[in-house]
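Residues per chain, in single letters:
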Amino acid sequence: EVQLVESGGALVQAGGSLRLSCEASGLSFDDYAIGWFRQAPGKEREEVSCIISSAAFTVFYADSVKGRFAVSSDNAKNTVYLYMNSLKPEDTAVYFCAASNVACSMTAMDYWGKGTLVTVSS
């Protein structure tokens, strides 16, 4: 059984930093692209970042987080991290990680975690 478990969400002040973790079981990061997505209250889910270990750790970022967020993968621990810096109130959302063996797009994701809440206060 594949499971993705996010952790690290918290309440933080604007300008602060957080590190989210996505730990996977039942699959190998060598075979899957791991994406981070977020859904703010009343808004649609959007892609934040994606890392493809099998493609020399190729990483994609949404324009809204470029320069502020960074993603890395520890394949030995089957864990992907999302480092979030210079947080803004508009970053407030539930953050999900997901896995796909096809592509980094939201519609291609095969497995999803349950999410972790990030709240950024102004």
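Q: Looking at this model, I keep getting lost on the nonpolar core. Mind explaining?
A: When a protein is soluble and globular, its nonpolar side chains tend to lie buried together. Residues Ile34, Trp36, Phe69, Leu82, Met84 and Tyr95 are the most contacted members of the largest nonpolar core, which totals 28 residues. For this core, the secondary structure elements donating two or more residues are strand S3 (18–25), strand S4 (33–39), strand S5 (46–52), strand S7 (69–74), strand S8 (79–84), strand S9 (93–100) and strand S11 (116–121).

Q: Please clarify how the side chain of Arg68 should be interpreted in this entry.
A: Here Arg68 shows up in the loop between strand S6 (58–61) and S7. The contact partners of Arg68, leaving out residues within four places of it in the chain, are Tyr83, Met84, Asn85, Ser86, Leu87, Lys88 and Asp91.

Q: Got a minute to help me understand the packing of aromatic side chains in this structure?
A: For any pair of aromatic rings, the description consists of the separation of the ring centres together with the inter-plane angle of the planes. One pass over the full model with this rule turns up 4 aromatic pairs. Considering the side-chain rings of Phe37 and Trp112, the 4.8 Å spacing of their centres and the 50° angle between planes classify their relative orientation as tilted. With Phe37 in strand S4 and Trp112 in strand S10 (residues 111–112), the pair connects residues that are 75 residues apart, well separated along the chain. Looking at Phe37, the relative accessible area reads 0%, which means it is buried.

Q: Would you mind showing me how to read the state of the cysteines here?
A: A covalent bond bridging the sulfur atoms of two cysteines is what the word disulfide describes. Using the criterion set out here, one finds 2 disulfides in the structure. Here Cys22 is linked by a disulfide to Cys97, with a sulfur-sulfur distance of 2.1 Å. Judged by the sign of its S-S torsion, about 70°, the bond between Cys22 and Cys97 is right-handed. Taken together, the residues Cys22 in strand S3 and Cys97 in strand S9 connect sequence positions 75 residues apart. For the pair Cys22 and Cys97, a shared accessibility class is recorded, and that class is buried. Two residues, Cys50 and Cys104, share a disulfide whose sulfurs are 2.0 Å apart. Here the disulfide of Cys50 and Cys104 is left-handed, its torsion about the S-S bond being about -80°. Placement of the pair is Cys50 in strand S5 and Cys104 in the loop between S9 and S10, with a sequence separation of 54 residues. If the cysteines joined by disulfides in the protein are listed in sequence order, their pairing comes out as 1-3, 2-4.

Cut-offs applied
- Residues numbered from 1 in each chain as written.
- Predicted model: local features only at pLDDT ≥ 70, side-chain atom pairs only at ≥ 80, totals over all residues.
- Heavy atoms only, no water.
- Core = buried A, V, L, I, M, F, W, Y, C linked by side-chain atoms within 4.5 Å.
- Buried < 20%, exposed > 50% of the residue type's maximum accessible area, 1.4 Å probe, protein only.
- Helix = DSSP H or I, 4+ residues; strand = E, 2+ residues; numbered from the N terminus.
- Contact = heavy atoms within 4.5 Å.
- Phe/Tyr/Trp six-rings, centres within 6.5 Å; stacked < 30°, edge-to-face > 60°.
- Disulfide = S-S within 2.5 Å.

Keep in mind that these numbers describe shape and distance, not what the molecule does.
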